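Structure assessment
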Amino acid sequence: MNGLPLPQELYLIAHDQSGRPLVHPSSMAIGLAGAALLELVVGERVTVSGGRGALADDTTLGDAVVDGLLSLVRRDRSGGDVRSWIRQAAGEVCRHTQASLVTAGALAQVTRRRMGLLSQTRHEITDMAWVVRACSGVRAAAEGREPPDARCAALCGLVGVLEVDAALYLGQPSNQLVVRLRAIAAEHSPMIREVIGIVETLIRDAAVAIYR
């Protein structure tokens, strides 16, 4: 992997500098788990077709979050149900991604008191240059300046599905930009298109469950 893994890049794009998520935590968790799966797809460790996944190569990629999902896939008893993989990974993916970013120096754990009484701990972005780098490929693809590689196309799709495009500062209408980002992912490869579609469905289902 060149640069940060997909879950870490998505995390940086989908949080403001103070550490607040730009989407609901359940959507964030599903998105990060989907990003870990897409890293395995792009790295040719896993194949996906018809909602089922299969292990193609169990060699680790060197990131705790991504390799954790690889281990889950290796132990799978669901018959390769991709939705099950993402749901299982979503449980701890935010915490593990935060820990990886703290180790990388992109996040700092900060505890502050509110009104002098209650303390609140956040993982704040240490330097917005981390976010700029995470966004650079997506911005270039959305503007048509550079053709996206597989990782960039996957990240475009995730940003589009989570609708955190405001972090790109492209000055385009959000609805048009979201459509463009999803199209970039869909046009790149069938597997990326399918995983993005599964992530979108799980996010929608989670949103419906919240309001029941």
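Refer to the structure presented above.
Residues numbered from 1 in each chain as written. Predicted model: local features only at pLDDT ≥ 70, side-chain atom pairs only at ≥ 80, totals over all residues. Heavy atoms only, no water.

Quick look at the side chain of His-123
Along the polypeptide, His-123 turns up in strand E4 (residues 118-125). A distance of 3.3 Å separates a polar atom in the side chain of His-123 from a polar atom in the side chain of Gln-109. Contacts of His-123, omitting those with residues within four sequence positions, involve Tyr-11, Ser-18, Gly-19, Gln-98, Val-102, Leu-107, Ala-108 and Gln-109. (Helix = DSSP H or I, 4+ residues; strand = E, 2+ residues; numbered from the N terminus. Polar contact = N/O pair within 3.5 Å; in protein donor to acceptor, adjacent residues only side chain to side chain. Contact = heavy atoms within 4.5 Å.)

Notes on the packing of helix H1 (residues 6-13) against helix H7 (residues 150-162)
Geometrically, a packed helix pair is captured by the angle between its two axes and the distance between the axes. Packing of H1 against H7 leaves a shortest axis separation of 11 Å and a crossing angle of 40°. Put simply, H1 runs oblique to H7. The hand of the H1/H7 crossing is right-handed. Along its contact with H1, which presents Leu-6, Glu-9, Leu-10 and Ile-13, the element H7 presents Arg-151, Ala-154, Leu-155, Leu-158, Val-159 and Leu-162. Grouping the constituent residues of the contact of H1 with H7 by class yields eight nonpolar, no polar and two charged. (Axes fitted to C-alpha atoms, helices over the stretch in contact; angles between N-to-C directions. Parallel < 35°, antiparallel > 145°, perpendicular 65-115°, else oblique. Left-handed = near helix turned anticlockwise from the far one by under 90°. Nonpolar A, V, L, I, M, F, W, Y, C, P; charged D, E, K, R; others polar.)

What to know about the pattern of salt bridges
By the definition in use, this model includes eight salt bridges. Note that Glu-200 and Arg-182 form a salt bridge whose closest N and O atoms lie 2.6 Å from each other. Taken together, the residues span a long stretch of sequence, with Glu-200 in helix H9 (residues 190-210) and Arg-182 in helix H8 (residues 174-188) at a distance of 18 residues. Connected via shared salt-bridge partners are Glu-9, Glu-39 and Arg-151. (Salt bridge = Lys/Arg side-chain N within 4 Å of Asp/Glu carboxyl O.)

Some details on helix H2 (residues 25-42)
Its 18 residues place the ends of H2 25 Å apart at the C-alpha level, agreeing with the 26 Å of an ideal helix rising 1.5 Å per residue. The buried fraction of H2 is high, at 15 of 18 residues. (Expected span 1.5 Å × (residues − 1). Buried < 20%, exposed > 50% of the residue type's maximum accessible area, 1.4 Å probe, protein only.)

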